[in-house]
Amino acid sequence: DNIHKTVRFLLSSNAGEVIAILTATIWGWRLLSPVHILWINLVTDTLPAIALGMEPTEPDVMERKPRDKNIPFLQRRDWISILTIGAVEATLALLAYVIGGKGITGTTMSFLTLSLSQLFAAVGFQSERHSIFKIKLKEHPVLWLAFLGSALLQLVVMFIPQLRTIFVLTPLTTSQWLTVGALCIAMLAFIELQKLVVRLRKSR
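Residues numbered from 1 in each chain as written. Predicted model: local features only at pLDDT ≥ 70, side-chain atom pairs only at ≥ 80, totals over all residues. Heavy atoms only, no water.

(A) Quick peek at the overall build of the chain. When its secondary structure is counted, the chain shows 7 helices and 0 strands. Taken from N to C terminus, the helices and strands of the chain fall in the order α-α-α-α-α-α-α. Whereas a compact globule of 204 residues would reach a radius of gyration of roughly 17 Å, the chain reaches 17 Å, a difference of no more than 12%. Within the span of the chain, comprising 204 residues, buried residues form 46% of the whole. (Helix = DSSP H or I, 4+ residues; strand = E, 2+ residues; numbered from the N terminus. Rg over C-alpha atoms; globule rule 2.2 N^0.38 Å. Buried < 20%, exposed > 50% of the residue type's maximum accessible area, 1.4 Å probe, protein only.)

The following block contains the structure:
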């Protein structure tokens, strides 16, 4: 279960980055620089992925049928989910860039949206079946530590002037921060909606 969650999370995150950069390049936008992508891969991918690999066993694991050894590790529906989540993540990052005016402000908002939306996605990946609203927070300390640690590192880059200069970012207004937050929550909402659709199909 945990390996499956981790692989799906990493592939969807990287798919989001690839789709966002490829689309921006086709449209002639300078969305993110190499240092931004490197930072996202090191900070907002690595810590949550490690945490997902250390998740506690889900309560209904022994109620499931044994996994067929002939079924691929990632099935067709998994690939569809990975690409869909990646496409939504990329769309949110591109939307942030446009809202920010496509300049340095747009790059800053896109960088934050792409990195923080992956953290919110990791929260949604705690379970591939159950809603996060039915999960007890105290039972997932490692993931929440990874979430807070990665988010804190993002804020450090934004609020320490020397680091902000190295990353070629600019301070954001309160409304711009709220926009980034809303886009990240939209990422989590989409994953929860995707799980809801799966649950409804299985119940039928």
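(B) Just unusual backbone geometry, in detail. Phi at Lys 102 is positive, roughly 70°, even though this residue is not glycine. Along the chain, Lys 102 falls in the loop between α3 (76-99) and α4 (104-124). Residue Val 168 is not a glycine yet carries a positive backbone phi of 55°. Along the chain, Val 168 falls in the loop between α6 (161-166) and α7 (174-203).

(C) Structural view of the packing of helix α2 (residues 34-53) against α4. Closest axis-to-axis distance for the α2/α4 pair is 9 Å, and the angle between their directions is 10°. Relative to α4, α2 is oriented roughly parallel. For the pair formed by α2 and α4, the contact residues are His 36, Trp 39, Ile 40, Thr 44, Asp 45, Pro 48 and Leu 52 on the first element and Thr 107, Phe 111, Leu 114, Ser 115, Gln 118, Leu 119 and Ala 122 on the second. When grouped by side-chain class, the residues that make up the contact of α2 with α4 number 8 nonpolar, 5 polar and 1 charged. (Axes fitted to C-alpha atoms, helices over the stretch in contact; angles between N-to-C directions. Parallel < 35°, antiparallel > 145°, perpendicular 65-115°, else oblique. Contact = heavy atoms within 4.5 Å. Nonpolar A, V, L, I, M, F, W, Y, C, P; charged D, E, K, R; others polar.)

(D) Local environment of the pattern of salt bridges. Across all of its chains, the model carries 2 salt bridges by this definition. Note that Lys 195 is salt-bridged to Glu 192, the shortest N-O span being 2.8 Å. Placement of both Lys 195 and Glu 192 in helix α7 is noted, with a separation of 3 residues, approximately one turn of the helix. Lys 195 gets classed as buried once you look at its relative accessible area, which sits at 6%. A relative accessible area of 10% places Glu 192 in the buried class. (Salt bridge = Lys/Arg side-chain N within 4 Å of Asp/Glu carboxyl O.)

(E) Just the environment of Val 35, in detail. Here Val 35 shows up in helix α2. Overall, the relative accessible area of 33% leaves Val 35 in the partly exposed class. On a C-alpha basis, the gap between Val 35 and Ile 166 in space is 9.0 Å, while along the polypeptide they are 131 residues apart.

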